[in-house]
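# Working through the structure, step by step
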Amino acid sequence: MAKSSADDEELRRACEAAIEGTQQKIVLSIRVAKSHGIWGKSGKLGRHMAKPRVLALSTKSKGQRTKAFLRVLKYSTGGVLEPAKLYILKHLSKVEVIANDPSGCSFTLGFDNLRSQSVTPPQWTMRNIDDRNRLLFCILNICKDVLGRLPKVVGIDVVEMALWAKENTPAVSKQMNQQDGVPVAATASESDLKVTVERELVSQSEEEDMEALLGNYLMGTGEAEVFSERLKRELLALEAANVHAILESEPLIEEVLQGLEAATYCVDDMDEWLGIFNVKLRHMREGIESIETRNNKLEMQSVNNVSLIEELDKLLERLRVPSEYAACLTGGSFDEAHMLQNIEACEWLTGALRGLQVPNLDPSYANMRAVKEKRTELEKLKTMFVRRASEFLRNYFASLVDFMISDKSYFSQRGQLKRPDHADLRYKCRTYARLLQHLKSLDKNCLGPLRKAYCSSLNLLLRREAREFANELRASTKASRNPTVWLEASAGSSHSSHNADTSAVAEAYAKMLTIFIPLLVDESSFFAHFMCFEVPALVPPGGLANGNKGGYNDANDNDDLGIMDIDENDGKAGKNSADLAALNESLQDLLNGIQEDFYAVVDWAYKIDPLRCISMHGITERYLSGQKADAAGFVRLLLGDLESRISVQFTRFVDEACHQIERNERNVRQMGVLSYISRFATLATRMEQYIQGQSRDLVDQAHTKFVSIMFVTLEKIAQTDPKYADVFLLENYAAFQNSLYDLANVVPTLAKFYHQASEAYEQACTRHISMIILYQFEKLFQFTRKIEDLMFTITPEEIPFQLGLSKMDLRKMLKSSLSGVDKSISAMYKRLQKNLTSEELLPSLWDKCKKDFLDKYESFAQLVAKIYPNESIPSVSEMRELLASM
């Protein structure tokens, strides 16, 4: 027989390694197969993919208490055992051997603490009966020793277990205590095991009773042949007794047959009667079914009639037009006192029309004549009411505006600027806001004429308010007019008039925007809500309608009209591009023409001080950046047109100033610093002071155009007299740098032109000083140039033998050029001083002149030392001392 896995020491050590750290001792470990048993019709046991497992019995001691566990271990991917499940033997309630398993090696263990008792417990299958008995015997022993009780055992006899234990005494091992960390297995003696089995399974008294009982049934079976003969004799005796009994019972059998025949006749009669009754019952059943069918039809007809009457009553209720609503819709008044009745009538009419539509009305009713006639009647009521309401509202809007226009106290008057106040107008219009909502739900096409009528009436009022306000604003603003001539040469010294304070002009323009831009935005917003345009709100929550915190704000103004859409689903439709286009077209009608009064203020401000266009441009840009909402489209266009108008006016001023600069070119010969150089510095300073917000680009463009024209004109004037061109240029470029030094440090655009002027100045200085040096020492440096030209073609040793470059020629040139060199240098200084009109430039120019002369003379001395080594000339240090002493 193959060795049992219960004796496998490697398996035991693997199990101990798997539960290392739990302080538990392995009592028994054995390999099993885990499956879930399913029994088919054939009665044979089938398994779902049996899985190899190891069952390990372990104990854990804690003081005087000992706990017992049943561990299930499985093999990991690498073939290493790892814990899978842990059962506590305290809860073991049943051990059942599968009766239908032919091998008898399969069993189940029932625990009373499992969460779901309805789930079939796993089935464990051993390799043979010995392994099964060994495991179950060990479990029962542990339950008796540790727990003091035995679980219920099903499918196996305890006597059979005891007999097996006696036969396999040497194979049963008992795990002893560990000594020095090494488990020691000791085999129990036969007498000890017998006592244990008897104690556990059958007591001594029970065994004696069974032996006595078996002794009472001694059959005296000695030899097998004698026993066989005895059985044969008894069998023959039994057969003879049976035949005798059959012969004696013949009269009884005949009597029984007669009774059976009489019973047969009675059964036949009963069958005939039952057939008759069955026919009668079938006819009766058919009659009852016919009566029930007719009864059911009558009941169904009755229920249908009741339902039909109820539906017709509901339909009639829908089709009924209340007399009070009919009177209100056909001839009611639209005064403020009667508006509640009109709104209720509109709501009823809207609901009635919607109720007769197919989604809200059963499709089977839609084609009924009564429904069609009632729908036609309601359409006539709707048309009549919409026509009456539209006519009333058109006349009402016109009368409101005519009343306000006829009252002069609404507008600005001489000596009094009047802020437009539309609070009362909007309050009166709000009375009819819900009426407009209902008109939209009844007939969207009716809103077009109403919107045009409202826009036409309110446009007259807004234009009148803007015209009167602009006229009084200009009349009440006191500001000295600044001349537009800034850079013309003939302007002379009338420059002081440019210093007049014209800030009141920009403040007047800002006041115009502060008053009217929020007003126009509010009117656009009110119009969009009042006339039921489906566009987003003008001003987001917490936002400003303009770029100014001190903007227009009606005390009683609120664009939220206190109304919601009649159908809430319509309000969730979102932004409608068609409505937005219609809104922009209506806003054009509402506000068109008002821009002329803004243009008039801009033109008036330009005539007083063109430079104020810079401030007005910044103010306009700030307001323009604050208009983001869709309903403020026309206001954005108005501000954009104003910004363009201001830019055009300022460009006009810049062009005129550029023409003034260009006219300097036509004058007689110019000397010294041109007048527009210093005047431009004053102009640039003033423009920088007027910058607000986003007008930086406007001023930078003006700077670029001014300076470009100035430099071009400067070059053209210099070309008219080439002899003095460099002196003229360096003086003007120096004046440009001196006048714009402070501004160039803070204005990047002017800094670029400052560096450009600096480069031009350096170039003009270099040309002029070179001309003066060459004029005074022409022979000296011409001799140097000839040597430099020849050095490209011949060696230095050959140069003294060339024509005009001999040593004798060198001596003659030195005598003519350097004899009386101090007088020549003095003449050079006087010539430099003679041509300058700006004396402050002379020191720097003279220092540059001496430096350039020394550089040229040093180059000459190096050439002479290289080519004429034996010739002596004044050294560079001597020449430097001479220049320093002068």
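Heads up: the structure comes first, above all this text.
Residues numbered from 1 in each chain as written. Predicted model: local features only at pLDDT ≥ 70, side-chain atom pairs only at ≥ 80, totals over all residues. Heavy atoms only, no water.

## Observations regarding the overall build of the protein
In terms of regular secondary structure, the protein is built from 30 helices and 12 strands. For the protein, buried positions account for 41% of its 886 residues. A separation of at least 24 residues holds for 72% of the contacts in the protein among residues at least 6 apart in sequence. (Helix = DSSP H or I, 4+ residues; strand = E, 2+ residues; numbered from the N terminus. Buried < 20%, exposed > 50% of the residue type's maximum accessible area, 1.4 Å probe, protein only. Contact = heavy atoms within 4.5 Å.)

## A word on helix H21 (residues 675-689)
With 15 residues, H21 should cover 21 Å at 1.5 Å per step; its first-to-last C-alpha distance of 22 Å lies within 8% of that length. Those residues of H21 that sit buried are Tyr676, Ile677, Arg679, Phe680, Ala681, Leu683, Ala684, Arg686, Met687 and Glu688. Here the buried face of H21 lies against helix H19 (612-625), helix H20 (633-662), helix H22 (696-719), helix H23 (725-739), helix H24 (741-744) and helix H25 (748-776). (Expected span 1.5 Å × (residues − 1).)

## Some words on a positive patch on the surface
A surface patch of positive charge is lined by Lys62, Arg65, Lys67 and Lys90. Here Arg65 falls in the exposed class, since its relative accessible area comes to 59%. (Patch = residues over 30% accessible without salt bridge, like charges linked within 9 Å, V, L, I, M, F, W, Y side chains within 5 Å. Areas by Shrake-Rupley, 256 points an atom, 1.4 Å probe, with all protein chains shown as cover. Salt bridge = Lys/Arg side-chain N within 4 Å of Asp/Glu carboxyl O. Lys, Arg positive; Asp, Glu negative; His and termini not counted. Charge placed at Lys NZ, Arg CZ, Asp CG, Glu CD.)

## Notes on the environment of Thr120
Mapped onto the elements, Thr120 comes out in the loop between strand E8 (106-111) and strand E9 (123-125). For Thr120, a relative accessible area of 52% corresponds to the exposed category. C-alpha of Thr120 to C-alpha of His36: the two residues are 84 residues apart in sequence and 7.5 Å apart in space.

## Quick notes on the environment of Leu135
With respect to the helices and strands, Leu135 occurs in helix H2 (residues 129-147). For Leu135, a relative accessible area of 1% gives the class buried. C-alpha of Leu135 to C-alpha of Ile30: the two residues are 105 residues apart in sequence and 7.9 Å apart in space. Once residues within four sequence positions are removed from consideration, Leu135 is found in contact with Leu28, Ile30, Leu55, Leu57, Phe107 and Met126.

## Digging into the side chain of Ser106
In this fold, Ser106 is placed in strand E8. Here Thr125 takes part through its side chain, which lies 3.0 Å from a polar atom of the side chain of Ser106. (Polar contact = N/O pair within 3.5 Å; in protein donor to acceptor, adjacent residues only side chain to side chain.)

## Quick word on the pairing of strand E6 (residues 81-88)
Remark: a regular strand shows side chains that alternate across the two faces of the sheet. In terms of strand pairing, strand E5 (residues 65-75) meets E6 through seven bridges, oriented antiparallel. When the sheet's bridge partners are listed, Val72 is paired in E6 with Lys85. Hairpin geometry of E5 and E6 is characterised by an intervening segment of five residues between the two adjacent antiparallel strands and by a positive phi of about 80° at Gly79. (Pairing = 2+ DSSP bridges.)

## Regarding the packing of H25 against helix H29 (residues 842-867)
Two elements in contact, H25 and H29, have axes separated by 10 Å at closest approach and are oriented at 60°. Relative to H29, H25 is oriented oblique. As H25 packs across H29, the resulting crossing turns out to be right-handed. For the pair H25 and H29, the contacting residues are Tyr761, Glu762, Cys765, Thr766, Ile769 and Ile773 in the first and Ser844, Leu845, Lys848, Cys849, Asp852, Phe853 and Lys856 in the second. Residues belonging to the contact of H25 with H29 are distributed by class as follows: seven nonpolar, two polar and four charged. (Axes fitted to C-alpha atoms, helices over the stretch in contact; angles between N-to-C directions. Parallel < 35°, antiparallel > 145°, perpendicular 65-115°, else oblique. Left-handed = near helix turned anticlockwise from the far one by under 90°. Nonpolar A, V, L, I, M, F, W, Y, C, P; charged D, E, K, R; others polar.)

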